[in-house]
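# Architecture at a glance
As a plain string of letters, each chain reads:
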Amino acid sequence: MDSLYQLGKYMLMLKSLFVRPERKAMYWVEMLRQMHQIGVDSIIIVFIISFFIGAVSAVQFAYNLSTTITPMYFVGYIVKESMILEFAPTVTCLILAGKVGSNVASELGTMRLTEQIDALEIMGVNTTAYLVGPKILAAITMIPLLVVFAAVTGIWGGMLAGAASGYVSTTEYTQGVLSWFVPLNALIMMIKAVVFSFLIVSISCFQGFYAYGGALDIGKASTRAVVLGCILVLVADYLIAWLML
Amino acid sequence: MIELIDIRKKFGEAEVLKGIDAKFEPGKVNLIIGKSGSGKTVLIKCTVGLMIPSSGQVLFDNRDYIKMDVEERKEIRRELGMLFQGNALFDSKTVEENVRFPLDMFTHMPMSEKRDRVNEVLKRVSLVDANNKLPSQISGGMQKRVGIARAIVMTPKYLFCDEPNSGLDPQTSIIIDELIKELTVEYNMTTVVNTHDMNTVIGSGDKILFLHQGEKHWEGDKTSLFETKNKELVDFIFASDFLKEARDARLATYRKMNN
C-alpha cells in the first residue's frame with residue numbers, strides 16, 4: 001500500500017514539473033549549474049572506470065581466444081560491442097546512480113531540512129519545477145554524453161591493454177573495432193543512457209525532496225536513492241534489451 | 001491586515017490548533033508566544049500557506065488565502081516576506097545572490113537596478129562589505145540580517161518571522177528585534193513574529209497572542225502582560241525568580257504611579 005502511495009506521489013511530482021517557469025533565465029542558470037555538477041564533475045570517475053573495464057575485457061577475451069583458431073581482431077569487435085551494448089550505458093549509470101544519486105538526494109534533503117525549500121515556496125516559486133526540472137534535464141543531456149565518452153574510452157583502453165599484453169596488435173584490434181558496425185546497437189546505447197539518467201535523477205530528487213526528520217534521515221534518503229536507482233537501472237536494462245533485441 | 005478565523009489543524013487524531021481567532025494589524029509587531037509544542041509554528045505555517053488548515057479562514061486584507069487557486073496564492077506570496085528560524089539562506093549563493101534572488105525570479109529590473117536595491121536593503125540592515133561572502137562565511141547574527149534583507153527586498157506587505165532570535169546572543173537578539181520593529185513601522189508591514197524570547201515580548205510586543213495546548217489563552221499587549229492573572233501565561237513569561245521579582249517591582253511601580 002505504501003509503495004502505491006509513494007508511486008502516486010512520484011507521479012504527481014513529475015506532473016508538477018510541467019508548468020510555465022517564473023523566469024526562464026533562472027531555470028537556465030540552474031540547469032547549467034546542474035550540467036556542470038552532474039556531467040563535468042563525473043568525467044574523471046567515468047574515464048577511470050570505463051578505461052579499466054575496456055582494458056580488462058580486452059585482456060580476458062584475448063586470453064580466451066588465444067587457445068582457439070578465432071582471429072585475434074575479434075577481440076576489438078567483442079570489446080566494442082560489449083562496451084556499446086552493456087558496459088558503457090549500464091556500468092556508467094550504475095556508478096552515476098551512486099555518485100549523482102546520493103549527491104542530488106542529499107542536496108535536496110538538506111534544502112528541505114534547513115527550510116530552503118519552504119523559503120522558495122513562500123516566495124511563490126514552483127519548487128519542484130525549479131529544483132527538480134533542471135536536474136532531470138541536465139542529467140538527460142549530460143549522462144548520454146558521458147556514456148558515449150565511456151564507450152570510446154573503454155574501446156581505447158582495450159586497445160592499449162591488448163597491445164601491452166602482447167595478445168593483440170593495435171592494427172588487429174582496430175580492424176575488429178571497425179568491423180560489422182550495427183547502428184541499432186548505438187541507438188540502444190543512447191536509449192539506455194537517456195532512460196537510466198531519467199530514472200537515476202528523478203528517483204534521487206524524489207527521495208531528497210520529500211525527506212524529513214534529521215541528518216540520519218537524509219543519509220537514509222540518499223541510500224534509498226542509490227539502491228532504488230541501481231535496481232531500476234538493471235530492470236530497465238533488461239526491459240530495453242528484451243524489447244529492442 | 002491579516003485575520004485568522006477559527007483555524008483548526010489536525011494531524012491524524014491529534015488536534016494541534018483548536019479554533020484560533022486573531023487579527024494582526026499593519027505597522028505593528030504582532031507576537032505569537034507559547035511553550036514548545038503549543039502550536040506556534042503550525043499556526044504560522046498555516047497562515048503563510050506552508051500547511052493547509054483542517055478548517056477556518058486566513059484573510060489577507062479580506063482575501064481568503066485558503067480558497068484561492070495556485071496562481072492567486074502565488075500572487076499573495078509575492079507580498080509576503082519570511083525570516084526562518086534557521087535563516088534558510090541558499091548555501092551555494094553569495095549574500096548578494098541570496099538577497100537578489102526574489103528580484104531575479106519575479107522582476108524585470110535591469111541588473112544595475114537590482115544591485116542598487118540589494119545594496120540599499122543590505123545597508124538598511126547594517127550589513128556592508130559582505131556581498132560576495134557565502135552564508136557559511138558569516139556569523140549567525142549576520143545571517144539573520146541577510147534573511148531579513150531577503151525578506152524585505154520586494155517591499156512586502158506582510159512579514160513573518162519564525163523565532164528570529166534563536167541561536168543569537170542576547171545583545172544581537174535585541175538588535176534584530178529593534179531592526180524588525182523599525183522596518184515594520186518604516187514599510188507599514190503587518191509583522192507576525194513567533195517567539196518565546198522574553199526580551200522580544202517585552203521590547204516589541206505591540207500585540208501578543210498567547211497559545212497554550214493549541215488554544216488561544218490570552219491576547220493583549222506588553223503593558224497588560226504585567227497585570228495578567230492568566231496562570232499559564234504568568235508561569236510561561238515569568239518563569240525564573242529573577243523575572244518574577246522584576247514583574248513584582250514593575251507592578252509596584254505601576255501601583256505607586258496610579259496612587
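Now for a quick tour of the structure. (Residues numbered from 1 in each chain as written. Chains lettered and ligands numbered in written order. Predicted model: local features only at pLDDT ≥ 70, side-chain atom pairs only at ≥ 80, totals over all residues.)

This paragraph deals with the overall build of chain A. For chain A, the count of helices and strands is nine helices and zero strands. The secondary structure elements of chain A, listed N-terminal to C-terminal, are α-α-α-α-α-α-α-α-α. Based on the C-alpha atoms only, the size of chain A along its principal axes is roughly 70 × 40 × 30 Å. Evaluated residue by residue, chain A yields a buried proportion of 43% over its 245 residues. A fraction of 87% describes how many contacts in chain A between residues 6 or more apart in sequence connect residues 24 or more apart. (Helix = DSSP H or I, 4+ residues; strand = E, 2+ residues; numbered from the N terminus. Buried ≥ 20, exposed ≤ 12 C-beta atoms within 10 Å, placed from the backbone. Contact = placed C-beta atoms within 7 Å.)

Residues and elements named next belong to chain B. Strand order in the open sheet made by the six strands is 6-7-8-3-9-10, with mixed pairing throughout. Edge positions in the open sheet fall to strand 6 (80–83) and strand 10 (215–220), since each of these has one partner strand only. Sheet twist, expressed as the average angle between the axes of neighbouring strands with direction ignored, equals 20°. Of the pairings in the sheet, the one linking strand 3 (residues 29–34) to strand 8 (residues 190–195) comprises five bridges and is parallel in character. The partner of valine 29 across the bridge, within strand 8, is threonine 191. Helix 1 (residues 40–48) rests against strand 3, strand 6, strand 7 (158–162), strand 8 and strand 9 (207–212) of the sheet, and its axis sits at about 150° to strand 8. With respect to the sheet, helix 5 (residues 140–152) is in contact with strand 6 and strand 7, its orientation differing from that of strand 6 by roughly 170°. (Pairing = 2+ DSSP bridges. Axes fitted to C-alpha atoms, helices over the stretch in contact; angles between N-to-C directions.)

This paragraph deals with the interface of chain B and chain A. Taken together, the contacts link 15 residues of chain B with 13 residues of chain A. Those elements that place two or more of their residues in the side of chain B that touches chain A are helix 2 (70–77), strand 6 and helix 3 (95–106) of chain B. Top contributing element to the side of chain B that touches chain A by residue count: helix 3 of chain B, with four residues. Taken together, the residues of the side of chain B that touches chain A break down into ten nonpolar, one polar and four charged. (Nonpolar A, V, L, I, M, F, W, Y, C, P; charged D, E, K, R; others polar.)

Residues and elements named next belong to chain B. Pairing in this open sheet of four strands is antiparallel, and the strands run 2-1-4-5 from one edge to the other. One side of each edge strand has no neighbouring strand; the edge strands of this open sheet are strand 2 (14–24) and strand 5 (63–64). Where strand 1 (residues 2–11) meets strand 4 (residues 55–60), five bridges bridge the pair, whose relative direction is antiparallel. From the neighbouring strand, leucine 4 faces strand 4, where its bridge partner is valine 58. Of the strands in this sheet, strand 1, strand 2 and strand 4 are in contact with helix 1, which crosses strand 1 at around 120°.

What follows concerns the packing of helix 4 (residues 74–113) of chain A against helix 7 (residues 170–178) of chain A. Residue and element names in this part refer to chain A. Two numbers describe how helix 4 lies on helix 7: the axes approach to 6 Å, and their chain directions differ by 45°. Regarding the angle of helix 4 to helix 7, the classification is oblique. Judged by the sense of rotation from one axis to the other, the crossing of helix 4 with helix 7 is right-handed. Contacts between helix 4 and helix 7 pair Phe74, Val75, Gly76, Tyr77 and Lys80 from the former with Glu172, Tyr173, Thr174, Gln175, Gly176 and Val177 from the latter. Here the contact of helix 4 with helix 7 is built from residues that sort into five nonpolar, four polar and two charged. (Parallel < 35°, antiparallel > 145°, perpendicular 65-115°, else oblique. Left-handed = near helix turned anticlockwise from the far one by under 90°.)

The next subject is the pairing of strand 4 of chain B. All names here are of chain B. Sheet topology note: the strand 4/strand 5 ladder contains two bridges and is antiparallel. Within the sheet, the bridge partner assigned to phenylalanine 60 lies in strand 5 and is arginine 63. Joining the antiparallel neighbours strand 4 and strand 5 is a turn of two residues, in which aspartate 61 adopts a positive phi near 50°.

Before going further, it helps to examine helix 3 (residues 43–65) of chain A. Residues and elements named next belong to chain A. Here helix 3 contains 23 residues, and its C-alpha end-to-end distance of 32 Å stays within 8% of the 33 Å for a straight helix at 1.5 Å per residue. Residues Val46, Ser50, Ile53, Gly54, Ala55, Ser57, Ala58, Phe61 and Ala62 constitute the buried set of helix 3. Buried residues along helix 3 sit in contact with helix 4 and helix 6 (127–165). (Expected span 1.5 Å × (residues − 1).)

Val75 and Ile200 of chain A together with Leu43, Met82, Ala149 and Phe160 of chain B are the most contacted members of the largest nonpolar core, which has 126 residues in total. Looking at which element gives the most residues to this core, the answer is helix 4 of chain A, with 16 residues. Excluding anything up to four places from it in sequence, valine 75 of chain A contacts Ala58, Phe61, Ala62, Leu65, Gly162, Val168, Tyr173 and Gly176 of chain A. (Core = buried A, V, L, I, M, F, W, Y, C linked by C-beta atoms within 7 Å.)

All names here are of chain A. Restricting attention to buried positions, one finds in helix 7 the residues Glu172, Tyr173, Gly176 and Val177. Across the axial projection of helix 7, the buried residues extend over an arc of 140°, all falling on one side. Opposite the buried face of helix 7, at more than 90 degrees from it, the exposed residues are Thr170, Thr171 and Leu178. Residues of helix 7 that are buried in the fold lie against helix 4 and helix 6. Of the residues trailing helix 7, tryptophan 180 is marked for its positive phi of about 45°. (Arc of directions from axis to C-beta.)

A pair of packed helices can be characterised by two numbers: the angle between their axes and the separation between those axes. All names here are of chain A. In contact at an axis separation of 6 Å, helix 3 and helix 6 are set at 45° when each is read in the N-to-C sense. Relative to helix 6, the element helix 3 is oriented oblique. Considering how the two elements wind past one another, helix 3 and helix 6 form a crossing that is right-handed.

Nothing here speaks to function; it is geometry throughout.
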